[in-house]
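Overview (structure and organization)
Residue strings, one per chain:
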Amino acid sequence: MSGKARLFISGVMLVALSAFSPSSSLAKDVQGKALVNDYCTACHAETDDGGLARISDVRKTPEGWDMTLFRMQNLHGLEIDSDERFAIIKYLSAEYGLSPSESEPFRYVLEQRAHFNDIAVNDDLDALCGRCHTNARYGLQRRTEKDWLKHMHFHVGQFPSLEYQARSRDRFWWQEVTTETYKELAELYPFKTDAWDTWKGADHKSPAGSWRVTGYRPGIGGYQGMMTVTRDGDFYKADYDLYDMTGGALSGDSKAVIYTGYEWRASGMLNGAETREVYALSEDGMRMTGRWHQAAHYDIGGEFQAVRMAGAEAQVLAKSSDYIRVGQEKEITLHGIGLTGKVSSDKGLGLNVTRQDATSVTVKITAGKNMSPGAYVVTVGQAVTEIIVYDKIDRLQVTPDWTIARLGGGKTPPVTAQFEAVAYMTGKDGDIKIGVMSADWQLHAFDEEAEHMKDVEFAGTINAQGTFMPGAAGPNPSRKYATNNAGNLKIVAQVTDGDTIISGEAQLIVTVQRWNTPPIR
Amino acid sequence: MRKIVMFLGAVFLLSTGVQAENTEYLITGTKPGFIHILDMKKQKVVRSHEIPNAGRTVFSFAPSPDGKIVYVLTNRMKSIVGLDIDTGEQVFRADFIKGDIRRQAFYAFDISRDGKELYVYQLSTRIMLSEYQQLPTRIAVYDTSSGLKAEPIRTFEAPRRIHMLMKSTDDKWLYALGFDIYKMNPQTGEIVETLPLRNWSLKNRSLPDVLDFWPLWDQTDIFSTPVYSVKTDKAADDPGAYKTGLMTLDLDTGKYEINDFEDTSVLIFSTVVSPTGKHAFGTYTQLTKIDLETHTLAGRIDQDHTYYAVNISADGKQVYVGGAACDVATYDPDTLTKTGQIFLPKGCGDQSTSSMRMIQRETLK
């Protein structure tokens, strides 16, 4: 890093509600192309085939291009303003982007999830590359073989300590990456693919229209409603009319750009909090899926799914609850599209429709005392779903079973960890998932060392929703060795089921802040 | 060699009839670019010098044999600066960058025992218009009398991933510690012997893990470093599978040994051999004492906080821990009790991974 360590400010997200809102014409690719020719050619020579050195040998996501441009500014002295940066990203992601199928396996990192399982093709790549950043970072790039090799040269030139670090010094890192790995990468992630050629030439669908939305906020629960997308020059505007499962309103709007014909990136407001949206529009333009999060807290957000109303088949997309206990009566609302048909179910489940329209059906469900536990099919006309009937919880699983949280302080907010208690019952053919239960949450020391260091006292607290809030960063004079508030905790969830208490466990590592948060971690 | 130089110095001073008093000093460095000279017996910082164009960083040091100058790797590993210890004047400077080639030294450098040459291990990158190109790693030799625009007087290629360079006390050899220890001809760079580390022949052992960039051998001319390895014939959950050993390389005799001394229970960053020859001391979160005769753990205490570097007085009666934060603490080598602590001057942005060296020189007024 050079001396002037700058803060990464995203050029991908339109910060629609702040001063920066690029004029619409910047989204036109001719603008970006002209800027690339103006600015980049000072260092990136024109090649014989009419491209630009390096630039025409790589393909990446909008966030990937954003990070590269940031480096061009920060390390190499490129000077562009934020409008221009946006226009260049827009153009380069259209010209040298990833197809929907190419970005699909690694969306977890684009979606800024706090918890994910990072995918490495093999352990070797995980050690060579995945120890510093996600495997997704390179999985979301395509390069010519020559360029993968050049990028290895960049790494050691830029990070001279690389070869000395743990998981590098046990191997001949440099020799390995410059004789074998770059070829492996070129095979796994080649510059030229049919998927990209096809997508680049395809008819990209507009997101404008009316959408049925369902989603889920971990620790809080489901939500559902409508989204209306309208064109706004070269951008889009989304208006949300959403409700949580208790009927509480979630309203707001956002302003979006579509990159590469399918990458929806938006900035908005939801119930007064600033949000960011990272969605992918399906190739046929019928679905949009992804995650939104609070602008200031990437760890806090929701799963998002939207189905285009026009032309959609009848379907159930979400339920206010997935399960009912034997002997209980419970009101469950099914949310979806085209739910005007007759409501019926497998034998045994008592149904009493209390409210029905095309997007929601509320049913009073009765599970008789003598019902056998299992999954019961419920249909609304052509739409099909299942309700789980259980008699007792056999197992409680805490998800995720292992994750990390980060201490907060200064300019860096804490990164929380969200746990859920998922109940299972034992069926004839293995465990049957019942669903997420509300639980009592407790923190314990994970091992002797954590006990000795009193991690439970210092590392943070967990609330009734299973949200772990880490402590403050920095050395803590009241701790042994004046160490920071890091910790190794056992998370215990307890659910009362009839007369018994069932519990489940997970591990939480509370660790230090990240000193930077690039858009692709 | 050092002892002889000191002896000759004393004879010379006697013959001119001047009474010169010698004092032992500890040298440490702090961000954003200071070196500090500490009188440990008086428990006091006697000099603090700002390094010109330090780029807010201080890495390893090599003091001249007469204790008059300290050479400091600084400026984000891109320069070595020689500072007069008394006045702070910059008397030597080698800036590595030349044209489109950027060179960085990853800690590894040493001064010859005659004080005339600096040996610097350099990573080299050609910065082209739109790409970086790695060039072979090399050792560059500088003449310490070259002044402020020093250029290498000779260079030779060297293996990758070197983190420590050490001159033998007779100046005949240059040891380079990396995957193995390469014993080189300091004139030509020819590797005349490879002391095995990665290529060790221990049966049922993983590769050893070593990473040390603290030159701390001032009192004994014995370089020592912790070596971590795993017994592959034991179960992964068996604590006895994880071994910490001590490697010693005598820069005087060339004697090279590795001996396990405990099942790995704590992390140790750096170690120093006591002039008594009986013990070595290691630091990180704990201060560790190792018995060099029985190769066993001889003692361990929790320090107030983590330190990275450990050194020792010439009489072996005080152990010093520094590196990391902004203080240098003194411990009694027998009881391992803390007997002193010096806080470095205001503006200290922590010692980070800077070296901590001991010199004997004419007392600073």
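Preceding this paragraph is the structure being described.
Residues numbered from 1 in each chain as written. Chains lettered and ligands numbered in written order. Predicted model: local features only at pLDDT ≥ 70, side-chain atom pairs only at ≥ 80, totals over all residues. Heavy atoms only, no water.

Considerations on the nonpolar core
Residues and elements named next belong to chain A. To be explicit about the condition: We call a set of buried Ala, Val, Leu, Ile, Met, Phe, Trp, Tyr and Cys residues a nonpolar core when their side-chain atoms join them within 4.5 Å. Summary of the burial criterion: residues with accessible area below 20% of their type's maximum are buried, those above 50% are exposed, and those between are partly exposed, where the area comes from a 1.4 Å probe applied to protein chains only. The way it works is that DSSP assigns letters per residue, a run of H or I at least four long becomes a helix, a run of E at least two long becomes a strand, and they are numbered from the N terminus. Here the limits of each domain have been adopted from an automatic or database domain assignment.
By size, the foremost hydrophobic cluster in this structure holds 112 residues, and its most contacted members are Met-227 and Trp-264. The leading source of residues in this core is helix α9 (residues 173-188), at six residues. Counting residues domain by domain, this core receives three or more from each of domain 1 (23-200) and domain 2 (209-308). Within the second largest apolar cluster, 29 residues are counted, among which are Ile-393, Ala-405, Ala-459 and Val-510.

Observations concerning the pairing of strand β27 (residues 487-497) of chain A
Within a regular strand, side chains alternate between the sheet's two faces. All names here are of chain A. Filter applied, for reference: Pairing between two strands is assigned when DSSP locates at least 2 bridges connecting them.
Burial analysis of β27 places eight of its eleven residues in the buried class, which makes it a mostly covered element. With six bridges joining them, strand β24 (residues 440-445) and β27 adopt antiparallel strand pairing. Its bridge partner lying in β27, Asp-440 is registered against Gln-494. Linking β27 back to strand β28 (residues 500-511) in an antiparallel pair, the connection comprises two residues, with Gly-498 at a positive phi of about 65°.

Here we look at helix α3 (residues 82-95) of chain A
Residue and element names in this part refer to chain A. Where we set the bar: By this rule, a helix spans an expected 1.5 Å times one less than how many residues it contains. Contacts described as polar in this section are N or O atom pairs within 3.5 Å, which, within protein, must combine one atom able to donate a hydrogen with one able to accept it, while residues neighboring in sequence count only if both atoms come from side chains.
Taking 1.5 Å as the rise per residue, α3 with 14 residues should run 20 Å; its terminal C-alpha atoms sit 20 Å apart, in good agreement. Among the residues making up α3, those that are buried are Glu-84, Arg-85, Phe-86, Ala-87, Ile-88, Ile-89, Lys-90, Tyr-91, Leu-92 and Ser-93. Measuring from the backbone nitrogen of Asp-83 back to the side-chain oxygen at the start of α3 gives 3.2 Å, which picks out Asp-81 as the cap.

Re the pattern of salt bridges
What counts is decided by this rule: Salt bridge, as used here: a side-chain nitrogen of Lys or Arg that lies within 4 Å of a carboxyl oxygen of Asp or Glu.
Inspection of the entire model under this criterion finds 46 salt bridges over all chains. With a shortest N-O distance of 2.7 Å, Glu-163 of chain A and Arg-160 of chain B are connected by a salt bridge. In this pair, Glu-163 of chain A sits in the loop between α8 (145-158) and α9 while Arg-160 of chain B sits in the loop between β12 (152-157) and β13 (164-167), so the two residues belong to two different chains. In this pair, the class of Glu-163 of chain A matches that of Arg-160 of chain B, namely buried. In this structure, Asp-455 of chain A engages Arg-479 of chain A in a salt bridge whose closest nitrogen and oxygen atoms are separated by 2.6 Å.

Examining the sheet that holds strand β25 (residues 319-322) of chain B
Residue and element names in this part refer to chain B. Note the following rule: Convention adopted: a line fitted to C-alpha atoms gives each axis, helices being fitted over their contacting stretch, and angles between N-to-C directions are expressed from 0 to 180 degrees.
The strand order β24-β25-β26-β27 describes an open sheet built from four strands, whose pairing is antiparallel. Either end of the sheet is taken by a strand with one partner, and the two such strands are β24 (309-312) and β27 (338-343). Strand-to-strand twist of the sheet, defined as the mean angle between neighbouring strand axes without regard to direction, takes the value 20°. In this structure, strand β26 (residues 327-331) lies alongside β27, joined through five bridges in antiparallel fashion. Looking across to β27, one finds that Thr-330 is bridged to Gly-340.

Comments concerning empty space enclosed by the protein
All names here are of chain A. Just so we agree on the cut-off: In this analysis, the protein atoms alone were mapped onto a 1 Å grid. Cavities are point sets where a 1.4 Å probe fits without being able to get out; pockets are open sets with protein on both sides within 12 Å along at least five of seven lines; lining residues have an atom within 4 Å of a point. Grid points are joined across faces, edges and corners, and a volume is the space filled by probe spheres set on the points. When residues are grouped by polarity, Ala, Val, Leu, Ile, Met, Phe, Trp, Tyr, Cys and Pro land in nonpolar, Asp, Glu, Lys and Arg in charged, and all others, Gly among them, in polar.
Evaluation of the coordinates by the stated rule reveals five cavities of 30 Å³ or more. Its volume calculated, the largest cavity comes out at about 80 Å³. Forming the walls of the largest cavity are Tyr-223, Tyr-240, Leu-242, Asp-253, Met-269, Leu-270, Thr-275, Glu-277, Tyr-279, Trp-292 and Phe-304. Elements supplying a minimum of two residues to the lining of the largest cavity: β5 (235-244), β7 (263-270) and β8 (273-281). In terms of residue count, β8 provides more of the lining of the largest cavity than any other element does, three residues in total. Residues that form the lining of the largest cavity fall into these classes: eight nonpolar, one polar and two charged.

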